[in-house]
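# Summary of the model geometry
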Amino acid sequence: MTQFKSLNDHARDVKHLQKLLTSHFQQGSLSLGTSNSHTLRNAEYKKSANALDLERLSSLIAIDKEARTVTLEPKVTMRDLVTATLDYNLIPPVVPEFKSITVGGAINGAALETTSHQYGQFNDTCLEYELLLANGTLLKASADNHPDLFYGVSGSYGTLAIITLITLKLIPASKGVHLNFSRFESPKELILAMRDLLKKEKRPSIIEGGVLAPNWAVLITGQYVDIFKSGITFHQKKYWDPWYHQQMTEVTKNHLHAECDMPLQDYLFRFDRAAFWMGRFLLSPSTILQVICKWKLPKMLSKIGRNAAKLTPTSHPSFLFRLLFGWALSSKRLYKVWHQVPREISENFFFIHDFYTPASKALEAYTYLNEKTGIFPIWLCPIRPTQTPQILAPHHSKSKEFLINIGVYGIPSSPHSIPSLTASSEQAIFDFGGKKMLYSHCYFSPELFSKTYNLPRYEALCKKYFSSKVFIPIYNKVTNK
């Protein structure tokens, strides 16, 4: 049940954090304790860091129906946020698809969604932050007040300041969404169709795409609706329901065009079950064997990786599998399992990354990534870029050209090591004029990272707002160095 808290109680809890910060953490490294991280790194840097627990900051403060805003603390999850705002017939404009992602995590981690072509990243819908600086100072930041810090925290992963309160815009909610599926014979056709759609002044509210196989690509567009008319309704409420990418496959198997409806929350969190499609690797005996035989990783990696990568779009979980194990496959549970996996497996077995590329370069970037990894499915999601000084955010761009995020989640068929494959992909995406989200394993050289994310400007922000001596620098944090 969603909890509300008074501003006085919030102020009391923030004072407690200030006291801890000033009395214990002014020297040395500081990390933010978290029980539901959605980064892929095993946080080795935290072993030598002082942990600051933010779990007290997990309540909503107020919802203003007239102004269409919500004020809340950073540890509120997307599920609790949506549940609370729906009581007022409102929702956030951008809702990341995993229920357990927190509001603070979506800001610090630069989250996007299928409405991002209209609204940008989740943080672009935020109006104001209350921030706790490393020296214990509490300040308000907005586009007009400390704008460098307000924009700088996007993609900073908690290395600039501690977000303690957020004011967020809301939009009217609907009963559900009406989705249209268009199948193409090649990824090229899909990307060109998506680019053409982005050129239009009036676009559908929802745009995303999936490349299911070399000759099977799907464009999905949608609108918020209150009346379902398609006659077909997809559900994601029960843990034994078919996974969303399975439904995407089935509806386009025999049709070039199809449509369906989904209840609102089912759509918003459609990829929560199985974390997109990563849960399907539990269907692969070679993947399970890999975990059991982790001590033999160096000898087994290439063969097992290639075998597990052969899963096809039709490698879907049966009803019996979903009935027996679906309850354990929420993104929250899968991330908990992931963080127990030894680094030599997580770092050398899976290739999980999101790459933002200019729309005009998206086909080249997709082709590069596909040739290097051979991974299917691949998720495509367009996003409006920003020219505000969000130096660490992947959608920060000098150009106003739309970006397309290419989400590659799976096991490569390549014989090359995944660290080297990742490093070469990071360089290639930079050459295409893009960036990647920093939640995943990173292998940037200091020089490439500095050029990509404007490290001198970030370091100037750290110095100005006192974070240099307390918070772990962003490069060290994302590369585990």
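Computed from a prediction, not measured in an experiment: that's the story for all the values here.

The subject of this paragraph is the overall build of the chain. The helix and strand tally for the chain stands at 18 helices and 17 strands. Here the analysis covers contacts within the chain between residues at least 6 apart in sequence; of these, 75% occur between residues at least 24 apart. With an accessible surface of roughly 19900 Å², the chain has 55% of that area assigned to carbon and sulfur atoms.

What follows deals with the packing of aromatic side chains. What the rule picks out here adds up to 22 aromatic pairs. Centroid distance Phe150 to Tyr151: 5.0 Å. Interplanar angle 70 degrees. Geometry classified as edge-to-face. Through a chain of ring-to-ring contacts, three or more aromatic side chains come together here, namely Phe98, Tyr244, Phe271, Phe276, Trp277, Tyr335, Trp379 and Tyr409. Over the ring of Tyr244 we find Arg270, and its NZ or CZ is 5.7 Å from the ring centre. We note Arg270 situated over the ring of Tyr267; from NZ or CZ to the ring centre the distance is 4.2 Å.

The terminal C-alpha atoms of helix α6 (residues 187-198) lie 17 Å apart, and with 12 residues this matches the ideal 16 Å at 1.5 Å per residue to within 8%. Three or more residues of α6 are buried, namely Pro187, Leu190, Ile191, Ala193, Met194, Leu197 and Leu198. In an axial view of α6, the angular spread of the buried residues amounts to 160 degrees, which keeps them on one side of the axis.

On to the nonpolar core. Residues Phe122 and Phe181 are the most contacted members of the largest nonpolar core, which totals 104 residues. When neighbours within four sequence positions are excluded, Phe122 is seen to be in contact with Met78, Val94, Pro96, Val103, Ala106, Ile107, Ala111 and Leu168. One finds Phe184, Phe351, Leu363 and Ala365 within the second-largest nonpolar core, a separate group that totals 33 residues.

This part covers the confidence of the model for the chain. Chain-level pLDDT for the chain is 88 on average; 88% of the residues reach the 70-or-more range. Below a pLDDT of 50 lies the segment residues 291-306, which in the model reaches 19 contacts outside its immediate sequence neighbourhood of four places, other chains included.

Glancing now at the pattern of salt bridges. Opposite charge on two side chains permits pairing when their charged atoms draw close. Within this structure, the stated rule accounts for 14 salt bridges. Two residues, Glu250 and Lys253, come together in a salt bridge whose shortest N-O distance is 3.2 Å. Overall, the relative accessible area of 42% leaves Glu250 in the partly exposed class. A residue is classified by how much of its surface remains accessible, and Lys253, at 38% relative accessible area, is partly exposed. Three or more residues are tied together by salt bridges with common partners; here these are Lys5, Asp9, Arg12, Asp13, Arg56 and Glu73.

Here we come to the sheet that holds strand β12 (residues 216-225). In spatial order, the strands read β13-β10-β12-β11-β15-β16-β14-β17; together these 8 strands make up an open sheet with antiparallel pairing. Strands at the two margins of the open sheet, each flanked by one partner only, are β13 (257-263) and β17 (435-436).

Let us now look at a nonpolar patch on the surface. Where nonpolar side chains cluster on the molecular surface, the patch consists of Phe319, Leu320, Leu323, Leu324 and Phe325 and spans about 480 Å² of accessible area. Structurally, Phe319 can be placed in helix α11 (residues 319-325). Using a relative accessible area of 47% as the deciding quantity, one classes Phe319 as partly exposed.

To continue, consider the pairing of strand β8 (residues 162-169). By the criterion of burial, β8 is predominantly enclosed, with 7 of the 8 residues buried. Of the strand pairs in this sheet, strand β4 (residues 69-72) and β8 are connected by 4 bridges, and their pairing is antiparallel. By the bridge assignment for β8, Val70 is matched with Leu168. The pairing of strand β6 (residues 126-132) with β8 spans 6 bridges and is classified as antiparallel. What sits directly across from Glu128, in β8, is Thr167.

On to the packing of α6 against helix α14 (residues 362-373), then. Two numbers describe how α6 lies on α14: the axes approach to 10 Å, and their chain directions differ by 150 degrees. The orientation of α6 with respect to α14, classified from their angle, is roughly antiparallel. In this structure, α6 meets α14 at a crossing whose hand is right-handed. In this structure, α6 contributes Pro187, Lys188 and Ile191 to the contact, and α14 contributes Ala362, Leu363 and Tyr366. Along the lines of polarity and charge, the residues of the contact of α6 with α14 split into 5 nonpolar, no polar and 1 charged.

Okay, the side chain of Thr167 next. With respect to the helices and strands, Thr167 occurs in strand β8. Here Thr71 takes part through its side chain, which lies 3.5 Å from a polar atom of the side chain of Thr167. In this structure, Thr167 is in contact with Thr69, Val70, Thr71, Cys126, Leu127 and Glu128, ignoring residues within four places of it in sequence.

This next bit is on the pairing of strand β15 (residues 378-383). Here β15 lies mainly inside the structure; 6 of its 6 residues are buried. Covered by surrounding structure in β15 are Ile378, Leu380 and Pro382 together with Trp379, Cys381 and Ile383, the residues of both alternating faces. As judged from the 6 bridges shared by β15 and strand β16 (residues 403-410), these two strands associate in the antiparallel manner. Bridging across to β16, Ile378 finds its partner in Val408.

This part takes up a positive patch on the surface. Together, Arg79, Lys332, Arg333 and Lys336 make up a region of like positive charge exposed at the surface. Considering every element that reaches the positive patch, the biggest residue donor is helix α12 (residues 331-338), with 3 residues. Within the secondary structure, Lys332 sits in helix α12.

With that settled, consider the packing of α14 against helix α15 (residues 418-431). Running from N to C, α14 and α15 cross one another at 170 degrees; their axes reach a closest spacing of 11 Å. As summarised for this structure, α14 and α15 are arranged roughly antiparallel, according to the angle between their axes. Where α14 approaches α15, its residues Ala365, Tyr368, Leu369, Lys372 and Thr373 are matched on the opposing element by Leu421, Ser424, Ser425, Ala428 and Ile429. Here the residues of the contact of α14 with α15 are counted per class, giving 6 nonpolar, 3 polar and 1 charged.

Procedures and definitions
- Residues numbered from 1 in each chain as written.
- Predicted model: local features only at pLDDT ≥ 70, side-chain atom pairs only at ≥ 80, totals over all residues.
- Heavy atoms only, no water.
- Helix = DSSP H or I, 4+ residues; strand = E, 2+ residues; numbered from the N terminus.
- Contact = heavy atoms within 4.5 Å.
- Areas by Shrake-Rupley, 256 points an atom, 1.4 Å probe, with all protein chains shown as cover.
- Phe/Tyr/Trp six-rings, centres within 6.5 Å; stacked < 30°, edge-to-face > 60°.
- Lys NZ or Arg CZ within 6 Å of the ring centre and 35° of its normal.
- Expected span 1.5 Å × (residues − 1).
- Buried < 20%, exposed > 50% of the residue type's maximum accessible area, 1.4 Å probe, protein only.
- Arc of directions from axis to C-beta.
- Core = buried A, V, L, I, M, F, W, Y, C linked by side-chain atoms within 4.5 Å.
- pLDDT = per-residue confidence, 0-100.
- Salt bridge = Lys/Arg side-chain N within 4 Å of Asp/Glu carboxyl O.
- Pairing = 2+ DSSP bridges.
- Patch = residues over 30% accessible without salt bridge, like charges linked within 9 Å, V, L, I, M, F, W, Y side chains within 5 Å.
- Axes fitted to C-alpha atoms, helices over the stretch in contact; angles between N-to-C directions.
- Parallel < 35°, antiparallel > 145°, perpendicular 65-115°, else oblique.
- Left-handed = near helix turned anticlockwise from the far one by under 90°.
- Nonpolar A, V, L, I, M, F, W, Y, C, P; charged D, E, K, R; others polar.
- Polar contact = N/O pair within 3.5 Å; in protein donor to acceptor, adjacent residues only side chain to side chain.
- Lys, Arg positive; Asp, Glu negative; His and termini not counted.
- Charge placed at Lys NZ, Arg CZ, Asp CG, Glu CD.

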